[in-house]
Every structure is written in C-alpha cells, then in structure tokens.
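# Residue-level structural notes
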Amino acid sequence: MTLPERLDSSAAFALKSEIEQAVKHAGGGQVALDASGVTYLGGLCLQVLLASRCPLVAPSVPVVEAYGLFGVSAYLTEPLAPLKEK
C-alpha cells in the first residue's frame, strides 16, 4: 500500500481506515506500507503506523526523521510482530 504524501492529524482517521481495509483485503496478512513519497509525518499518523504493525518500505527522509524525533527509529528496521489473537 502506498502512503499519501502528507500524513498530518487530519489524515489519521482515513489512514487507519485504509490500512484496515488493506489488511482485510490481504486476508488478515501483513501489508507493507510504501513510505517513499511521504513528505510530512505527524505524531498522530505515526501512532497509526506503529499500531498497524505493518512494515514500512523505503521510508523517506521525513519519515526517518519523524521516527527519530519520537524515539521509535528502531521500528524502521525491526517491524513490530503481528498481534496474536486470543
């Protein structure tokens, strides 16, 4: 799934919905998120990306900087493990 260019707080709800639909379409499997074209990543959308547990592909410089700013840059190289259903 290709992420939009601008991921600010006004894009958070739509981003969450789009990721949920992509995961549903993938049969519940993991969906890679192409972050190569992202020019702005705000904190709320960063939280949505982390909560999705989807790996980022080719993160742009602004994405790398945002992850560093929020202290979660380790998740750029080591994606979160998928949640297990109880």
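Check the entry above for the structure.
Everything quoted here is computed from the prediction, not taken from an experiment.

Considering all chains together, one arrives at 2 salt bridges under this definition. Note that Arg-6 is salt-bridged to Asp-8, the shortest N-O span being 3.1 Å. Residue classification places Arg-6 among the partly exposed residues on the basis of a relative accessible area of 46%. Across the pair Lys-16 and Glu-20 runs a salt bridge whose closest N-O atoms are separated by 2.5 Å. In this pair, Lys-16 and Glu-20 both sit in helix α1 (residues 12-25), 4 residues apart, roughly one turn of the helix. Owing to a relative accessible area of 44%, Glu-20 belongs among the partly exposed residues under this scheme.

This part covers the nonpolar core. Of all hydrophobic cores here, the largest spans 23 residues; its most connected members are Leu-3, Leu-41, Leu-49 and Tyr-67. Those elements that place two or more of their residues in this core are α1, α2 (43-52) and α3 (61-69). Per-element accounting of this core gives the leading share, 5 residues, to α2. If sequence neighbours within four positions are ignored, Leu-49 has contacts with Leu-3, Leu-7, Leu-15, Ile-19, Leu-33, Leu-41, Cys-54 and Tyr-67.

Time to look at the packing of α1 against α2. At their nearest, the axes of α1 and α2 sit 9 Å apart, and the two run at 15° to each other. Classed by the angle they form, the pair α1 and α2 counts as roughly parallel. Regarding α1 and α2, the two cross each other, and that crossing is right-handed. The residues of α2 that touch α1, namely those facing Ala-12, Leu-15, Lys-16 and Ile-19, are Leu-44, Cys-45, Val-48, Leu-49 and Ser-52. Considered class by class, the residues forming the contact of α1 with α2 number 7 nonpolar, 1 polar and 1 charged.

Okay, the packing of aromatic side chains next. For the coordinates displayed, the defined rule picks out 0 aromatic pairs. The side chain of Arg-6 reaches across the aromatic face of Tyr-40, ending 4.2 Å from its centre.

Criteria and thresholds
- Residues numbered from 1 in each chain as written.
- Predicted model: local features only at pLDDT ≥ 70, side-chain atom pairs only at ≥ 80, totals over all residues.
- Heavy atoms only, no water.
- Salt bridge = Lys/Arg side-chain N within 4 Å of Asp/Glu carboxyl O.
- Buried < 20%, exposed > 50% of the residue type's maximum accessible area, 1.4 Å probe, protein only.
- Helix = DSSP H or I, 4+ residues; strand = E, 2+ residues; numbered from the N terminus.
- Core = buried A, V, L, I, M, F, W, Y, C linked by side-chain atoms within 4.5 Å.
- Contact = heavy atoms within 4.5 Å.
- Axes fitted to C-alpha atoms, helices over the stretch in contact; angles between N-to-C directions.
- Parallel < 35°, antiparallel > 145°, perpendicular 65-115°, else oblique.
- Left-handed = near helix turned anticlockwise from the far one by under 90°.
- Nonpolar A, V, L, I, M, F, W, Y, C, P; charged D, E, K, R; others polar.
- Phe/Tyr/Trp six-rings, centres within 6.5 Å; stacked < 30°, edge-to-face > 60°.
- Lys NZ or Arg CZ within 6 Å of the ring centre and 35° of its normal.

Geometric values such as these leave the question of function open.
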